[in-house]
There are 2 protein chains.
Amino acid sequence: MKQYKAYFIDLDGTVYRGKDHIPEAKAFIESLKAKGIPHLFVTNNSSRTQKKTVEKLKEHGIEAKEEQVLTPSIAAANYINQQQKNADVFMIGEEGVKDALENKGITITDYEPDYVVVGIDRHNSYQKIKEACLMIQNGAQFVATNPDIRVPTEEGFVPGNGAYVNLIKQVTQKEPIILGKPERLMIDVALNEIGVKPEEAVMVGDNYNTDIRAGINAGLDTLHVQTGVTSKEDLKEVDIQPTYTVETLAEWEV
Amino acid sequence: MKQYKAYFIDLDGTVYRGKDHIPEAKAFIESLKAKGIPHLFVTNNSSRTQKKTVEKLKEHGIEAKEEQVLTPSIAAANYINQQQKNADVFMIGEEGVKDALENKGITITDYEPDYVVVGIDRHNSYQKIKEACLMIQNGAQFVATNPDIRVPTEEGFVPGNGAYVNLIKQVTQKEPIILGKPERLMIDVALNEIGVKPEEAVMVGDNYNTDIRAGINAGLDTLHVQTGVTSKEDLKEVDIQPTYTVETLAEWEV
């Protein structure tokens, strides 16, 4: 196995499974720490802040620093900050989006924004979605945190951010910039953060359609773990195989 | 020109244009009345009740009875009533949907419905859309009033009912029954209402993609009028031509 200089690691299905621990993942992360190998947790969850994500990891016995957590909200704030200093942003989203924008000193506004950022907002309304549509038609850049259309819950699938992103896309006939997996932009932010090249890093995750495809799209090697969404069987259906697939992260030597 | 036994007439763009009168349309409808030819106003607007539509027509100097107004909400209530007596329905929608369901004696509920009816609701929320998604996954039939994705307003395009119908479709991976134009179901209801065969009726409208296609889908002759969305020029792009196209309804002899 190749020695990687950086690991980008998905959360749900990879490091934990909802409230359930994945002991092999905990051990894997402890090995990374022991060897001093930089690693970031790269999630498509836009609603949770870095702080809350660190707390969630702690519940699973994993110690991490806030700056080790990369969300599509953080990536969106970074992206906007790189494109335009002092941008005005209209946001649809929860705490995670608000926190990320404010930490970059971005002004959140309801009036003539430069950007419209769309993240999951479980209190959104027709009026708010309509406002976003009109602002985008008036020239604001359309930025989406993540494209997940349907989110599995105990009750069934509920609308994910991608469902609303597609709605706004259909109404405005504008294509969004999408930060989250499987797009490469969040991975590019991760590479930049650690200061490594794509060939020096590996993307670790359970979901072929998000984690592994994001790694492939950004030119990284990929490590698929069979503890979540995509089974070994499912991989038979895909064109481009992950670089590696393991039953659990116990099989992997860092 | 063929003598038709019934006329189905679109509203906006055909009979009036927002707040603007279309005098030729008024004269056309007066001729139908004078000759005693049955006619229904067939609209894709799900939010307005029959009563409010009659008032709107009156503002344009046109007298009509409530039963001459066919909306996709009325068609949805009819459809459900035909499929199942005493159905329980969860509704997303405004006054027009509520009124149509109640007039058919259908019970509106938030709990284990037989049907979920989705019409435009300018006060909808994430929670309500989520509920609808879960109910459909639990077996409720998915019924949509109309499939219009984007609605033009003075400010720009705003989300139409079709945008939310598509959202729910993507999340639930279920196909809805759609009543409104360009689907044929509402036209079938109109034929049934008057008691004529498809070849005895003509569909009149300005919008090729809704009015004319609905007529074609239901097997009717179609009369396109160039006072609204689709121009004579636009017709060059379509495969199946309307039976007739006129600049205004003054050219048409009933």
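Residues numbered from 1 in each chain as written. Chains lettered and ligands numbered in written order. Predicted model: local features only at pLDDT ≥ 70, side-chain atom pairs only at ≥ 80, totals over all residues. Heavy atoms only, no water.

An unreviewed UniProt entry lists chain A under the name 4-nitrophenyl phosphatase, with Alkalibacillus filiformis as the source organism. Turning to chain A, the UniProt record has this under Cofactor (unreviewed entry): "Mg(2+)". (UniProt positions renumbered as here; feature names shortened; annotations may be inferred.)

**Q** So what exactly am I meant to see when it comes to a negative patch on the surface here?
**A** On the surface, Asp110(A), Glu131(A), Glu154(B) and Glu155(B) cluster together to form a negatively charged patch. Secondary-structure assignment places Asp110(A) in the loop between strand E7 (107–108) and strand E8 (115–118). Assessed through its relative accessible area of 62%, Asp110(A) is described here as exposed. (Patch = residues over 30% accessible without salt bridge, like charges linked within 9 Å, V, L, I, M, F, W, Y side chains within 5 Å. Areas by Shrake-Rupley, 256 points an atom, 1.4 Å probe, with all protein chains shown as cover. Salt bridge = Lys/Arg side-chain N within 4 Å of Asp/Glu carboxyl O. Lys, Arg positive; Asp, Glu negative; His and termini not counted. Charge placed at Lys NZ, Arg CZ, Asp CG, Glu CD. Helix = DSSP H or I, 4+ residues; strand = E, 2+ residues; numbered from the N terminus. Buried < 20%, exposed > 50% of the residue type's maximum accessible area, 1.4 Å probe, protein only.)

**Q** Help me understand the domain arrangement of chain A in this model?
**A** Much of the literature gives interface size as the accessible area that the parts lose upon coming together. Residues and elements named next belong to chain A. Each assigned domain of chain A is listed here: domain 1 (6–44 + 182–251) and domain 2 (85–178). Each of domain 1 and domain 2 has a C-alpha centre, and these two points are 26 Å apart. The interface of domain 1 with domain 2 comprises five residues on the first partner and five residues on the second. Together, the buried faces of domain 1 and domain 2 total about 370 Å²; carbon and sulfur atoms form 58% of this surface. If you look at where domain 1 meets domain 2, you find zero salt bridges. Scanning the region where domain 1 abuts domain 2 turns up two residue pairs in polar contact (both at pLDDT 80 or more). (Domains from an automatic or database assignment. Contact = heavy atoms within 4.5 Å. Buried area = accessible area lost by both parts, 1.4 Å probe. Polar contact = N/O pair within 3.5 Å; in protein donor to acceptor, adjacent residues only side chain to side chain.)

**Q** Hey, could you run me through the relation of the copies chain A and chain B in this one?
**A** Two copies of a chain can be linked by a rotation about an axis combined with a shift along that same axis. Screw-axis analysis of chain A against chain B gives a translation of 0.0 Å along the axis, an RMSD of 0.0 Å, and a rotation angle of 180°. In symmetry terms, the pair is related by a two-fold rotation axis. For chain A, the minimum C-alpha distance to the rotation axis belongs to Ser125(A) and amounts to 2.2 Å. The share of interface residues of chain A whose copies in chain B are also at the interface is 100%, consistent with both copies meeting through the same surface. (Least-squares fit on C-alpha atoms with pLDDT ≥ 70 in both.)

**Q** Help me understand the state of the cysteines in this model?
**A** Across all of its chains, the model carries zero disulfides over all chains by this definition. Cys133(A) takes part in no disulfide bond, and the closest cysteine sulfur, belonging to Cys133(B), lies 18 Å away. A residue is classified by how much of its surface remains accessible, and Cys133(A), at 0% relative accessible area, is buried. (Disulfide = S-S within 2.5 Å.)

**Q** It is not clear to me how the pattern of salt bridges should be interpreted in this structure. Could you clarify?
**A** Any two side chains of opposite charge can pair if their charged atoms end up close together. Residue and element names in this part refer to chain A. A full pass over the atoms with the stated rule returns 24 salt bridges over all chains. Put simply, Glu200 and Lys5 hold a salt bridge, and the shortest N to O gap is 3.2 Å. One end of the pair, Glu200, is in the loop between helix H7 (185–194) and strand E13 (201–205); the other, Lys5, is in the segment before strand E1 (6–9), with 195 residues separating them in the sequence. Lys5 gets classed as partly exposed once you look at its relative accessible area, which sits at 48%. Note that Glu95 is salt-bridged to Lys52, the shortest N-O span being 3.0 Å. Taken together, the positions of Glu95 in helix H4 (residues 95–103) and Lys52 in helix H2 (residues 50–59) put the pair 43 residues apart, joining distant regions of the chain. In the salt-bridge network here, residues are joined through shared partners; they are Asp10, Lys181 and Asp211.

**Q** What should I look at first to understand H4(A) in this one?
**A** One turn of an α-helix holds 3.6 residues; hence residues three or four places apart share an orientation. All names here are of chain A. Buried within H4 are the following residues: Gly96, Val97, Ala100 and Leu101. Each buried residue of H4 lies within a common arc of 120° when the element is viewed along its axis, so the set occupies one face. Residues of H4 that are buried sit in contact with helix H3 (72–83), strand E6 (88–92), E7 and E8. Just past H4, the residue Gly105 takes up positive phi, approximately 70°. (Arc of directions from axis to C-beta.)

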